[in-house]
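# A look at the structure
Spelled out, the chains give:
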Amino acid sequence: MNEPTIEDYYSEDRKFAPSADFVAQALTADQSLYEEAAADRLAFWARQARELVTWFEDFDTVLEWELPFAKWFVGGKLNMSYNCLDRHVEAGKGDRVAFHWEGEPGDTRTITYADLLDEVSRFANVLKDLGVHKGDRVCIYMPMIPELPVAMLACSRIGAPHSIVFGGFSSDALADRINDAEAKVLITSDGGYRRGDPFALKGTADTAVAATDSIEHVVVVQRTGQDVAWNDVDVWWHDLMADASPDCPPESLDSEDLLYLLYTSGTTAKPKGIMHTTGGYLTQVAFTHKYVFDLHPDDDVYWCAADIGWVTGHSYIVYGPLANGCTSVMYEGTPDTPRPEHREGDRASWPKDRLWDIIERYGVTQLYTAPTAIRTFMKWGAQEVEPHDLSSLKVLGTVGEPINPEAWMWYHTYIGGETCPIVDTWWQTETGGHMITPMPGVTTTKPGSAVGAIPGVDIEVVDDAGNPIERGGGYLTISEPWPAMLRGIWGDPERYKETYWSTYEGRYFAGDGAKIDDEGYLWLLGRVDDVMNVSGHRISTTEIESALVDHPSVAEAAVVGATDATTGQAIVGYVILRGGNEASAELAEEIRGHVATKLGAIARPRAVFLVPDLPKTRSGKIMRRLLRDVAEGRNLGDTTTLADASVVDEIRDRAAEAPQED
Ligand code: WTA
């Protein structure tokens, strides 16, 4: 019999159905899309591809599948930037705002679809003049400024795949990625604004370029006006754009032409250049962006508060929203940096309400952010939100990590005003677009559960032997190819097979655990590498973290299994308190007890440390590996992907001071 392989303790009774008002206006409010896809998955995706995408030439085969290599919409010809821009302008929507862009210092730009088409066409001509041809890779290393989507779309217009490297990465990381992709051109800026001050980017880019051979030109956007060193390969964006023609017909590209590479940073191994192609990717991101956010492009103001340097920004700031012709907000800076007129006194006394201020001013209807951000807002407290009118909001989304039920409830209560459906979207750089999520007008949600697969995607939870289980915890696999799936790892097809398709035969597996509850709801349990083994019980860190966050004083928690002579591994929790709570040994003890009450004695942590902060990657995921090192008293391994390296020192000091009990 197929048995659960990860135990599950957390149970949730709260349920939220979409309101009658929401259902009445929803794009889809019944099972019809699910039923259609279940009846004929390929026909379903073919219909979406023909309805949501404009093809220069129709495709003749929906899917060619030679495990693990997929080709979607074979024979189809299209252009991504045409789908994102020209067709909307041709339909008379050139005056619609594509981006309400807001810089951190409070400067703004309103960019219509016609404006964007003009800039993209000019920059596409610039790239051609610099010798960029179809198939050449262009590396982009930029802050969140409008020139970033312009550069991406210009690349897609001429069929040159882009490779975006998040602006927070080091020169080594940038050089590695340039070298692996053999990029010909680098696009960067002098710097950007973050946490109230300008930061420099060009110097880091220069160091990286010096360590590469392939870069022929570096195009530099002037964002801050700071002094920069100037090299032979450098050219100013504004100089090139001043002379560029706005006439650049979109290339007719093949459905399977490479759209972009995006490197996932393994913590130890060489980064993997994840390959995404055009037709299938566009179909799935357009479909999910439309239905998962219940998009009404004539009325909505959508905001994905991620960075374009991550896949979330690629799919749900740029390609999905523009393909659907909607109006988006794009913001350069951090949520704790108010506009300059609200920066009084020292930084600590500044309001932490920039997001709520932006939602109120632009009338944002959909907000898409990460659990790590939501838990930070919990820590800051609801008083930052309360002065703002957020009643324009209609749908809330989350992505990036499992959302703990209490963080979900906080989002629901304080941001959603108890009326907005929450879509908890599970997906990966590799999947390209949403895979598991509620549909806001259809699904009755449970706080913390991502519920189930989207129409046209087949998810199965399997046991150690790779057999599907119907209830309980196991490994999350995808059993059929999907349109936006990665097509491979750049330059390394063997590694692609080995990494994703070898653990369970015939299945895609990328490392997450999941459980199915008694009502068939799917719950993500975090990375399987993080699953603990306590006295022979395989327990997910996610569930313990959710029980910790369930305590009213806790905003955020990270749990690791530390080696223990008696139990094999012991549960160690690191906890950030909500604003207004004093750290004390009594409180830590109370929180330990809370976990036992909630989940049972087996789940009681050996120790709970109250810490000021947690080590996170630059995209906001908790780095449990480092916490395990601290818990086991080891020297720290590689910390280069850490957003703020000093955090670990502080945690180590606290852990050394605090008593541990058995
Ligand atoms: C995690 C981000 C639980 C998961 C789009 C996955 C999630 C990894 C969720 C991919 C979610 C993402 N619930 N876990 N809703 N969304 N994850 O490549 O572990 O940056 O494998 O893509 O994030 O991260 P990536």
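On a predicted model such as this, the values are computed, not experimentally measured, just so you know.

A tally of regular secondary structure across the protein chain gives 19 helices and 30 strands. At 24 Å, the protein chain has a C-alpha radius of gyration in line with the 26 Å of a compact globule built from 662 residues. Summarising its shape, the C-alpha atoms of the protein chain cover approximately 70 × 60 × 50 Å along the three principal directions. Taken over 662 residues, the protein chain has a buried fraction of 62%. Of the contacts made within the protein chain by residues no fewer than 6 positions apart, 72% connect residues no fewer than 24 positions apart.

Looking now at the environment of Ala-160. By the element assignment, Ala-160 lies in the loop between helix H6 (147-158) and strand S7 (162-164). Judged by relative accessible area, which is 1%, Ala-160 ranks as buried. Placed 416 residues apart in sequence, Ala-160 and Ile-576 show a C-alpha to C-alpha distance of 45 Å. Discounting chain neighbours no more than four positions away, the residues touching Ala-160 are Val-132, His-133, Gly-135, Asp-136, Val-138 and Cys-155.

Turning next to the domain arrangement of the protein chain. When cut into domains, the protein chain gives domain 1 (20-446 + 458-501) and domain 2 (531-657). Computed over C-alpha atoms, the centres of domain 1 and domain 2 are 31 Å apart. Between domain 1 and domain 2, the contact holds 21 residues from the first and 25 residues from the second. Carbon and sulfur atoms supply 51% of the area buried between domain 1 and domain 2, which totals about 1,800 Å² over both sides. Our count for the domain 1 to domain 2 interface comes out at one salt bridge. Here Glu-556 makes a salt bridge to Arg-375, at a shortest N to O gap of 2.9 Å.

Before going further, it helps to spend a moment on empty space enclosed by the protein. Empty space left among the atoms is revealed by rolling a probe the size of a water molecule over them. In this structure the tally under the stated criterion is five cavities of 30 Å³ or more. Surrounding the largest cavity, Tyr-10, Pro-402, Ile-403, Pro-405, Gly-448, Lys-515, Trp-523, Leu-524, Leu-525, Thr-542, Glu-543 and Ser-546 form its lining. Mapped by element, the contributors of at least two residues to the lining of the largest cavity are strand S25 (522-527) and helix H16 (541-549). Taken together, the residues of the lining of the largest cavity sort by class into seven nonpolar, three polar and two charged. Two domains share the lining of the largest cavity, each providing at least three of its residues, namely domain 1 (20-446 + 458-501) and domain 2 (531-657).

Moving on, we get to the pairing of strand S14 (residues 258-264). Within S14, seven of the seven residues are buried, which leaves it mostly tucked inside the rest of the structure. By the bridge criterion, two bridges tie S7 to S14 in an arrangement that is parallel. Each residue of the ladder has a partner; that of His-162, found in S14, is Tyr-260. Across six bridges, S14 lies against strand S15 (residues 272-277) in antiparallel orientation. Looking across to S15, one finds that Leu-261 is bridged to Met-275.

The next point concerns the nonpolar core. The nonpolar side chains of a soluble globular protein tend to be buried, and buried together. By size, the foremost hydrophobic cluster in this structure holds 115 residues, and its most contacted members are Leu-116, Phe-123, Ile-187, Trp-237 and Tyr-319. With 54 residues, the next largest nonpolar core counts Trp-380, Leu-390, Ile-403 and Ala-588 among its residues.

Another aspect to go through is the environment of Ser-19. Position of Ser-19 relative to the elements: it lies in the segment before helix H1 (20-25). For Ser-19 and Gly-441, which are 422 residues apart along the polypeptide, the C-alpha to C-alpha distance reads 8.3 Å.

As a further point, take the site of the ligand. In the vicinity of the ligand there are 16 residues, among which Asp-424, Thr-425, Gln-428, Thr-429 and Asp-512 approach most closely. Contact distances for the ligand include 3.4 Å between a nitrogen atom and a backbone N or O atom of Pro-402. With respect to the ligand, the backbone of Thr-425 contributes an N or O atom lying 2.7 Å from a nitrogen atom. Contact with the protein chains hides 90% of the accessible area of the ligand, taken as 530 Å² for the molecule alone. Of all the secondary-structure elements, those providing two or more residues to the shell around the ligand are helix H11 (311-323) and S25. Residues belonging to the shell around the ligand are distributed by class as follows: six nonpolar, five polar and five charged.

Evaluation of the coordinates by the stated rule reveals 38 aromatic pairs. Ring centres 4.8 Å apart and planes at 50° place the aromatic pair Phe-59 and Phe-73 in the tilted group. Here Phe-59, found in the loop between helix H3 (41-52) and strand S1 (61-66), pairs with Phe-73, found in strand S2 (residues 69-74); they are 14 residues apart in sequence, far enough to count as distant. For the pair formed by Phe-59 and Phe-73, the shared burial category is buried. An aromatic cluster of three or more residues is present, and its members are Trp-65, Phe-69, Trp-482, Tyr-496, Tyr-500, Trp-501 and Tyr-508. In this structure, Lys-515 packs its charged tip against the face of Trp-523, placed 5.2 Å from the ring centre.

The next thing to look at is helix H4 (residues 80-93). The largest bend along H4 reaches roughly 35° and is located at Asp-86. For H4, the full list of buried residues reads Met-80, Ser-81, Tyr-82, Asn-83, Cys-84, Leu-85, Asp-86, Arg-87 and His-88. The backbone nitrogen of Ser-81 has a side-chain oxygen 2.8 Å away, supplied by the residue at the start of H4, namely Asn-79.

Our next topic: the environment of Pro-493. The residue Pro-493 is located in helix H15 (residues 493-501) in this model. Exposure remark for Pro-493: the relative accessible area of 45% places this residue in the partly exposed category. Residues Pro-493 and Ser-546 lie 53 residues apart in sequence; the distance between their C-alpha atoms is 38 Å.

Reading the values: rules and limits
Here the residue index of a chain counts from 1 through its sequence in written order. Restriction of local features to residues with pLDDT of at least 70 applies here, the model being predicted, together with a cutoff of 80 or more for giving and counting side-chain atom pairs; totals for whole chains, interfaces and linings are based on all residues. No hydrogens and no water enter the side-chain calculation; it runs on all heavy atoms of the structure. Each helix corresponds to a stretch of at least 4 residues labelled H or I by DSSP, and each strand to a stretch of at least 2 residues labelled E; elements are numbered beginning at the N terminus. Radius of gyration: C-alpha atoms only; globule rule: 2.2 Å multiplied by the number of residues to the exponent 0.38. Buried means the residue's accessible area, taken with a 1.4 Å probe over protein chains only, is under 20% of the maximum for its type, while exposed means over 50%, and partly exposed covers the values in between. Residues count as neighbours in contact if any of their non-hydrogen atoms are within 4.5 Å of one another. Residue ranges assigned to each domain were obtained from an automatic or database domain assignment. Here the buried area means the combined drop in accessible surface, using a 1.4 Å probe, for two parts upon being joined, counting both sides. Salt bridge criterion: a side-chain nitrogen from Lys or Arg within 4 Å of a carboxyl oxygen from Asp or Glu. Only protein atoms enter the calculation, which uses a 1 Å grid: trapped sets of points that fit a 1.4 Å probe without letting it out are cavities, open sets showing protein on both sides within 12 Å along at least five of seven lines are pockets, and any residue with an atom within 4 Å of a point is a lining residue. Grid points are joined across faces, edges and corners, and a volume is the space filled by probe spheres set on the points. Residues are grouped as follows: nonpolar covers Ala, Val, Leu, Ile, Met, Phe, Trp, Tyr, Cys and Pro; charged covers Asp, Glu, Lys and Arg; every other residue, Gly included, is treated as polar. Following DSSP output, two strands are said to pair if at least two bridges run between them. What we call a nonpolar core is a set of buried Ala, Val, Leu, Ile, Met, Phe, Trp, Tyr and Cys residues that are connected through their side-chain atoms within 4.5 Å. Consider each residue's heavy atoms; a residue with any of them within 4 Å of a molecule or strand counts as near. Contacts described as polar in this section are N or O atom pairs within 3.5 Å, which, within protein, must combine one atom able to donate a hydrogen with one able to accept it, while residues neighboring in sequence count only if both atoms come from side chains. All accessible areas in this document rest on Shrake-Rupley with a 1.4 Å probe, and a residue is counted as covered only by the protein chains that are shown. Centre distance within 6.5 Å is the pairing criterion for rings of Phe, Tyr and Trp, where only the six-membered ring of Trp is used; planes under 30 degrees apart are then read as stacked, over 60 as edge-to-face, and the remainder as tilted. Comment: the charge-over-ring label is applied if NZ (Lys) or CZ (Arg) is within 6 Å of the ring centre and within 35 degrees of the ring normal. One fitted axis covers the seven residues ending at a residue, a second covers the seven starting there, and the bend at that residue is the angle between these axes.

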